[in-house]
Amino acid sequence: LTQISSSNIVPPSTPIENLLAGIWAEILGIEQIGINNNFFELGGHSLIATRVISQIRQVFQLELPLRYLFEKPTIAGLATEIERAIKQDSAVELTNIEQIDRSQQLPLSFAQQRLWFLAQLEPDSPFYNIPAAVRLQGQLNVKALEQSFNEIVNRHEALRTNFQTSEGRAVAVISQEKPITLSIFDISDLAENQQQAEIEKQAAQAAQQPFDISNDHLLRVKLLALKEQEHILLLTMHHIVSDGWSIGVLVEELATLYQAFCNGQTSGLPTLPIQYIDFAAWQRQWLQGQALETQLSYWLKQLENAPKVLELPTDYPRPAIQTYRGASYSFELSKELSASLNKLSQQQGSTLFMTLLAGLQILLWRYTGQKDIVVGSPIANRNRADIESLIGFFVNTLILRTNLAGNPSFEELLKQVREVALGAYVHQDLPFELLVEQLQPQRDLSHTPLFQVMFVLENAPMSALELPGLTLTQLESDSNTAKFDLTLFMKETELGLVGSFEYNTDLFKESSIQRMVGHLQTLLEAIVENPQQRLSNLPLLTAYEQHQLLREWNNTATDYPCDKCIHELFEAQVEKTPDAVAVVFENQQLTYRQLNTKANQLAHYLQKLGVKPEVLVGICVERSLSMLIGLLAILKAGGAYIPLDPSYPQERLAYMLEDSQPSVLLTQKYLLKNLPNHQAQVICIDSDWEKIANESTENPISIITPDNLAYVIYTSGSTGKPKGAMNAHRGIRNRLLWMQNTYQLTSADVVLQKTPFSFDVSIWEFFWTLITGARLVITQPEGHKDTNYLVNLILEQQITTLHFVPSMLQVFIEAEGLEKCKSLVRVIVSGEALPAQLQQRFFHRLDAQLHNLYGPTEAAVDVTCWQCKKDHVTHQNTVPIGQPIANIQIYLLDKYLNPVPMGVTGEVYIGGVGVGRGYLNRPDLTAEKFIPDPFSDKPARLYRTG
């Protein structure tokens, strides 16, 4: 790139040379250089030169034509060389823009064509209005102001252009004269608070009033008279004839013209050599053949297999058709952070735009989990001197695609972002509209094509609007529209960076955007502090959020008796209500004393067979009183039970017996012929009862503790082989005592036990009932599938409490005669997501409580709870699973174990006393799914639910 000799290195002699020397030194990686006419030899490095000039533009934080950079004769040659290099890179000579014949049918530019098409789809849409409001304080010359606007309209054909249809095609129609009248609305008689309300009303109306682009003036001006020396000027332009740069042109010309007309002088502005229509015709003529091919090939390669949509976490479901309703949320970055971001950009050889873009893309990655992030960004597209001073729609949209795979450091990511941005600048001439047409993405009316998030760094030159005798203050205006899901606007000021998120209100609440701002600021602060950090290590949450998510919402500590096991809680209840009916099965029943006695006898028998703490006992029995006696007996003996449902396929039973190797198998004689081969010692609870009945009726003594195993329940095996989930007494005890503390069962309650005992829901059906003195009613085998049987049983036994998985509740809730089940107090659902519609249907048919619980087999039945409410309105399809129960912590984490912000998708991790021991005989899988708890100050584990 450079040929440096001692004769070339000279001290910079002027401020502009000094500034440029510093820029070049930064780019070239040397301490300091001098500049003269012979310094740079571009040779064959035109692509590098093009990128370097893009760097210069960005270092200045201005998207300016080159002549703004090179004003000194000593370096004018450099500008010429680099402009020539850009032409060489494109391999096509840029032709001059010539005036076209106005008598022919006049074309639209590609950008105008798109807005014309959208106007045909939605003719009364305000989405492409550009509003502005300015407070004028001082002596206003209304006539000179009106004259100034009319002169601007006369100078710029774009403001006298309408867009009509001729033979099915859009054509531009330019009026020779189209004077505007400055309408004045006098509100000086109103009180100050009424004036403010009227200003807001008028500004909103001006911004929202649609344009008829085929006939209307596409520049509207309205003056609100507040006092003799105070006015509000409302400006609205349609985007089809204007852009952000154009507003700057209008402001500059307005300042010049107003002063001239106030002094009785003529315009004084130079005649414009070409007009926007000439550019539109030139663009269509030039952008074809090799020029088009060069641009297109770059973008087609750049966007190959790009993701169709960025799946941002939204507060509301995405509407089938994008609505464009929007709002804005403004914020400021501190002066210190703003300066640090600028300094970091310089140190990394990038620009502030690139640094902020990288920060935004990290935020989007953390929000979505998608590694391939596509963001749109506008570019002024005024890269020719002859179009700089025109009002018109020149701005183009660049698509900036970054891949964050591999969890790079911020510095590594910034290098990629820089390369992507520079490549986009070099190929900025292809109109976005033409790119969409060529790519032909599969259209979805619910979102914009190619990208849904826009980033804008507002640093285009904008003269301060100064008019003689007037003090002007720009007022904030909100169009209440959003063209994209999200647009981040950033702007440099003397006090630091200020920003604004424009967001679609059909997707996001303001509170979510407010949190997003906090996350962006936290992220940027961490970036400047240590840009070498891996992206996953950059913090996202504010200190308050971190405390809220990890501590406040997990502050579930509750004191429960610490020394009791499940069966011991039952034994304590036996002492309180020995003669109360404990369990009913068809025409049989047992009191608490009778149930305890039988369980004690079997427990003593089991102990003689070697059952003690940590010994596994299989139990394969049909639904009956014997099932409950067997479960209690195994626990009383100190063992842990493995439920083996006799209805299971032979293959599953054989696998479970082979995997668990129980020392004892408790079953019924008539089931023996159906059992697969095994090594366990068999006890038939029916035919062997005569021997069992000889055992002691006293509560057996065992050395068992709450940390010993209570049961091993096998998972369904839907994700592979079934796994034996091991849970200890401590976790189950916590679950049962929380349930009692929350729902307050009494001796008057009747609980229906209908869940197969091989599912963990059965645990609370059995044992919650029996530790509270309530009555348990066991359904007949397969009775849980018969809704008519269940309704009759509820009526007959006056059931107050029962459980359903949502899919079974869906069937049950439509059962005939359900309205007669007045005894029902509470229905608990778990095991599947609860549809919001089913919740409403439940309350329509039943006057009872509905509780939604969640928990995996690996974590002692249930870990969260949510009480459904009849009048609860949700925008989600499913009912929440609620909050953690006592002594349980719930974390939503990303793949790097970082807590995700509220509203962002994460994986559920469970901590606390309910976390199981792991998987039987699967140390590898246990280590993978039961991990050290990074948030606990004591040795603890988390279960990752998947």
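Here is what the cut-offs are and how they apply
Residues numbered from 1 in each chain as written. Predicted model: local features only at pLDDT ≥ 70, side-chain atom pairs only at ≥ 80, totals over all residues. Heavy atoms only, no water. Salt bridge = Lys/Arg side-chain N within 4 Å of Asp/Glu carboxyl O. Helix = DSSP H or I, 4+ residues; strand = E, 2+ residues; numbered from the N terminus. Buried < 20%, exposed > 50% of the residue type's maximum accessible area, 1.4 Å probe, protein only. Pairing = 2+ DSSP bridges. Axes fitted to C-alpha atoms, helices over the stretch in contact; angles between N-to-C directions. Core = buried A, V, L, I, M, F, W, Y, C linked by side-chain atoms within 4.5 Å. Contact = heavy atoms within 4.5 Å.

Let's talk about the pattern of salt bridges
Moving on, step 1. Taken as a whole and judged by the stated rule, the model has 26 salt bridges.
Moving on, step 2. R318 is the partner of D485 in a salt bridge, and the nearest nitrogen-oxygen pair spans 2.8 Å. One end of the pair, D485, is in the loop between β11 (470–475) and β12 (486–493); the other, R318, is in the loop between α9 (289–302) and β7 (326–332), and 167 residues separate them in sequence.
Moving on, step 3. Residue D386 pairs with R384 through a salt bridge whose shortest N-O separation is 3.6 Å.
Moving on, step 4. With a relative accessible area of 24%, D386 lands in the partly exposed category.
Moving on, step 5. You can call R384 buried: its relative accessible area is 12%.
Moving on, step 6. Taken together, the shared-partner salt bridges in this structure form one network comprising R102, E157 and D278.

Remarks on the sheet that holds strand β1 (residues 129–138)
Moving on, step 1. In space, the five strands of this open sheet follow the order β4-β5-β6-β1-β11, with mixed pairing throughout. Every other strand in the sheet has two partners, leaving β4 (183–186) and β11 as the edge strands with one partner each. Across the sheet, the mean angle separating the axes of adjacent strands is 25 degrees when strand polarity is ignored.
Moving on, step 2. Examined bridge by bridge, β1 and β11 share six bridges and lie antiparallel to one another. Note on β11: the bridge partner recorded for V134 is Q474.

Thoughts on the nonpolar core
Moving on, step 1. By size, the foremost hydrophobic cluster in this structure holds 142 residues, and its most contacted members are F149, I362 and F455.
Moving on, step 2. Considering each element in turn, this core owes the most residues, twelve residues, to helix α11 (residues 352–368).
Moving on, step 3. I362 has contacts with L404, F410, L413, L523, I527, L535 and L538, leaving out every residue within four places of it along the chain.
Moving on, step 4. Ranked by size, the runner-up nonpolar core spans 77 residues in total, among them V664, L737, L770 and A886.

Re the pairing of strand β21 (residues 724–728)
Successive side chains on a regular strand alternate, one facing one side of the sheet and the next facing the other.
Moving on, step 1. Extensive coverage of β21 is indicated by the burial of five of its five residues.
Moving on, step 2. Residues G724, M726 and A728 line one face of β21 and the alternating positions A725 and N727 line the opposite face, and both faces are buried.
Moving on, step 3. Here five bridges tie strand β20 (residues 709–714) to β21, and the two strands are oriented antiparallel to one another. Bridge pairing links L709 to A728 in β21.

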